[in-house]
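Structure at a glance
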Amino acid sequence: MYTKKELVLLNQEAGGSGIFSNEKSFDSALKLAQSNSNWLFQLSYLLQSLLADFAFREENRKTALLLSIHYLEEEGLGWDRELLLRTIFKISQTRINNPIKIARSLYHVVREKN
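None of the values given here were measured: they were computed from a predicted structure.

A count of helices and strands for the chain gives 6 helices and 2 strands. The helix and strand sequence of the chain, counted from the amino end, reads α-α-α-α-β-α-α-β. On C-alpha atoms alone, the chain measures out to a radius of gyration of 13 Å, which is about the 13 Å that the 2.2 N^0.38 rule sets for 114 residues. Seen through its principal axes, the chain has C-alpha atoms that stretch 40 × 25 × 25 Å. Burial statistics for the chain: of 114 residues in total, 44% are counted as buried. Sequence separation of 24 or more characterises 68% of the internal contacts of the chain that already satisfy a separation of 6 or more. Roughly 6,500 Å² of accessible area belongs to the chain as shown, and the carbon and sulfur atoms make up 49% of that amount. In the chain, 15 positive and 13 negative side-chain charges are present, and the distance between their average locations comes to 7 Å.

What follows is about the confidence of the model for the chain. The pLDDT averaged across the chain works out to 95; a share of 97% of its residues lies at or above 70. Model confidence for the chain, summarised as mean pLDDT per element, is weakest for strand E2 (residues 110-111) at 87 and strongest for helix H1 (residues 4-13) at 98.

Parameters and conventions
- Per chain, the residues get numbers from 1 upward, laid out in the order the sequence is written.
- Only residues with pLDDT of at least 70 get local features here, since the model is predicted, and only at 80 or more are side-chain atom pairs given and counted; chain-wide, interface and lining totals rely on the full set of residues.
- As a rule here, side-chain values come from all non-hydrogen atoms in the structure, and water together with hydrogens is ignored.
- Helix and strand definitions here come from DSSP, where helices need a minimum of 4 consecutive H or I residues and strands a minimum of 2 consecutive E residues; each element is numbered from the N-terminal end.
- The size measure is the radius of gyration over C-alpha atoms, and the globule rule it meets is 2.2 Å times the number of residues to the 0.38 power.
- Partly exposed residues are those whose accessible area sits between 20% and 50% of the maximum for their type, while under 20% is buried and over 50% is exposed, using a 1.4 Å probe and protein chains only.
- Throughout, a residue-residue contact means that at least one pair of heavy atoms, one from each residue, lies within 4.5 Å.
- Residue exposure ignores everything except the shown protein chains as possible cover, and the areas themselves are Shrake-Rupley values with a 1.4 Å probe.
- Two residue types count as positive, namely Lys and Arg, and two as negative, namely Asp and Glu; His and chain ends fall outside the count.
- Taken as the charge location is NZ of Lys, CZ of Arg, CG of Asp or CD of Glu.
- For every residue, the predictor states its confidence as a pLDDT score lying anywhere from 0 to 100.

Quick look at the structure:
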């Protein structure tokens, strides 16, 4: 599980400033994620904040993509790269704000690691 500071650094790694535009949503999502032991729901809460609520001033999509990749790698899972990109874009464009729907979308990205 990531800390607020680590996620700010991840946003900066993605090219953002690390400055929040919706810190309240981010803090709420982080608290929910930290209270859940399932990695998929942890990631879903954070993606909701990044992609539907625009937690940072910029580079929310890139931050969401990097965060997703980090989670998948930590879990030792493979993923469909193109499908992950399309899923992040879809969540962002449609502003899906339901973590369960986000989790379902992410579940379909996971592939067995070769």
